[in-house]
Amino acid sequence: MEIRDAADGDIGGILAIYNDAVANTTAIWNDTPVDADNRRAWLASRRQQGYPVLVATAPDGSIAGYASFGDWRAFDGYRHTVEHSVYVRSDLRGGGIGKGLMQALIARARALGKHVMVAGIEAGNSGSIALHLKLGFIQTGLLPEVGCKFGRWLDLVFLQMRLEDKATPHS
């Protein structure tokens, strides 16, 4: 498996993984699949903000998963905190791709001087929660019934990882 920055030619693989998660999981709380233009705009926005979009490639060169982070909230006081997402192709889950993407993403956040990385995960997604706990995230909150999908209420678990130990923020 290779982990690298996403290229424009990876949009099709990213789109397929995203739309599969929309249609078949509670990992993304959207009901409507998106098109390639949507993912192109998302990739361009992340690049413009200086944030990474990473892809993991399978041995055949196809996109096996992707991960990114962006601003957690749009206020200056949160500028040292990012929220991430990581998605693995459904036929390849459980094989270490998510872990590899997360480790690379954490390294990128540290390199950008970020202080905290936040994960918002649907409470029933025990695999993702377990992965984050193994990587050193701690659970910091639970918001019951704040979302809905597939005709049921969804609970949101928040986990976070402190990326640095600075006593005071840098500007």
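Structure: above.
Since we're looking at a predicted model, the values are computed, not measured.

Peer 1: Teacher, can you tell me more about the layout of surface pockets here?
Peer 2: The calculated volume of the largest pocket comes to roughly 1,100 Å³. Ala27, Val86, Tyr87, Asn125 and Ser128 are the residues nearest the centre of the largest pocket, which is lined by 43 residues in total. Mapped by element, the contributors of at least two residues to the lining of the largest pocket are helix H1 (11-24), helix H2 (36-48), strand S3 (63-71), strand S4 (81-88), helix H3 (97-111), strand S5 (116-122), helix H4 (126-134) and strand S7 (152-162). Residue classes in the lining of the largest pocket are distributed as 20 nonpolar, 15 polar and eight charged.

Peer 1: For this particular structure, what's the right way to read the pattern of salt bridges?
Peer 2: Opposite charge on two side chains allows them to pair when their charged atoms are near. Per the stated rule, a full pass over the model turns up seven salt bridges. Residue aspartate 8 pairs with arginine 47 through a salt bridge whose shortest N-O separation is 2.8 Å. With aspartate 8 in the loop between strand S1 (2-5) and H1 and arginine 47 in helix H2, this residue pair connects regions lying 39 residues apart in the sequence. On the basis of relative accessible area, aspartate 8 is assigned to the exposed category, the value being 56%.

Peer 1: In this structure, what is going on with the nonpolar core? I would like to understand it.
Peer 2: Generally speaking, soluble globular proteins have nonpolar side chains that are buried together. Judged by nonpolar contacts, the single largest core of 27 residues is most densely connected at Phe69, Leu101, Met102, Ile106, Met117 and Phe137. Listing elements by their share of this core, those giving two or more residues are strand S2 (53-57), S3, S4, H3, S5, H4 and S7. When residues of this core are assigned to their parent elements, the largest contribution, six residues, is made by H3. Phenylalanine 137 has contacts with His84, Met102, Ile106, Met117, Ala119, His132, Leu159, Gln160 and Met161, leaving out every residue within four places of it along the chain. Counting residues in each nonpolar core, the second largest holds 17 residues, with Ala6, Leu15, Leu43 and Val55 among its members.

Peer 1: Is there a simple way to explain unusual backbone geometry in this structure?
Peer 2: Excluding glycine, most residues fall at negative phi; most peptide bonds, likewise, are trans. Unlike most non-glycine residues, glutamate 145 shows phi in positive territory, near 55 degrees. Structurally, glutamate 145 can be placed in strand S6 (residues 138-149). Here the phi dihedral of phenylalanine 150 falls at roughly 55 degrees; this positive angle occurs in a residue that is not glycine. Note on phenylalanine 150: relative accessible area 45%, which makes it partly exposed.

Peer 1: Looking at this model, I keep getting lost on the pairing of S6. Mind explaining?
Peer 2: Strand residues, when the strand is regular, have side chains that alternate between the two faces of the sheet. Bridge analysis of S6 against S7 gives eight bridges, and the strand direction is antiparallel. Residue pairing in the sheet places leucine 143 in a bridge with leucine 156 of S7. Hairpin connection between S6 and S7: a loop of two residues separates the two successive antiparallel strands, and phenylalanine 150 in this loop has a positive phi of roughly 55 degrees.

Peer 1: What is the right way to look at the side chain of histidine 84 in this model?
Peer 2: With respect to the secondary-structure elements, histidine 84 resides in strand S4. Under the relative-accessibility criterion, histidine 84 is labelled buried at 8%. At a separation of 3.1 Å, a polar atom in the side chain of histidine 84 contacts the main-chain carbonyl oxygen of valine 118. Within the structure, the side chain of histidine 84 is placed 2.7 Å from the side chain of histidine 132, a separation counted as a polar contact.

Peer 1: Could you clarify how one ought to interpret the pairing of S3 in this entry?
Peer 2: Where burial is concerned, most of S3 is hidden: eight out of the nine residues are buried. The antiparallel pairing of S2 with S3 creates a hairpin that spans five residues between the two strands, and glycine 61 there sits at a positive phi of about 90 degrees. Direction of pairing for S3 relative to S4: antiparallel, over a ladder of seven bridges. Note on S4: the bridge partner recorded for phenylalanine 69 is histidine 84.

Peer 1: I would appreciate a short explanation of the environment of serine 62 in the present structure.
Peer 2: Mapped onto the elements, serine 62 comes out in the loop between S2 and S3. Between the C-alpha atoms of serine 62 and isoleucine 14, which are 48 residues apart in sequence, the distance is 10.0 Å. Residues within four places of serine 62 in sequence aside, it is in contact with Ala56, Thr57 and Arg89.

Conventions we followed
Residues numbered from 1 in each chain as written. Predicted model: local features only at pLDDT ≥ 70, side-chain atom pairs only at ≥ 80, totals over all residues. Heavy atoms only, no water. 1 Å grid on protein atoms, 1.4 Å probe; cavity = no way out; pocket = protein on both sides within 12 Å on 5 of 7 lines; lining within 4 Å. Points joined across faces, edges and corners; volume = space filled by probe spheres on them. Helix = DSSP H or I, 4+ residues; strand = E, 2+ residues; numbered from the N terminus. Nonpolar A, V, L, I, M, F, W, Y, C, P; charged D, E, K, R; others polar. Salt bridge = Lys/Arg side-chain N within 4 Å of Asp/Glu carboxyl O. Buried < 20%, exposed > 50% of the residue type's maximum accessible area, 1.4 Å probe, protein only. Core = buried A, V, L, I, M, F, W, Y, C linked by side-chain atoms within 4.5 Å. Contact = heavy atoms within 4.5 Å. Pairing = 2+ DSSP bridges. Polar contact = N/O pair within 3.5 Å; in protein donor to acceptor, adjacent residues only side chain to side chain.

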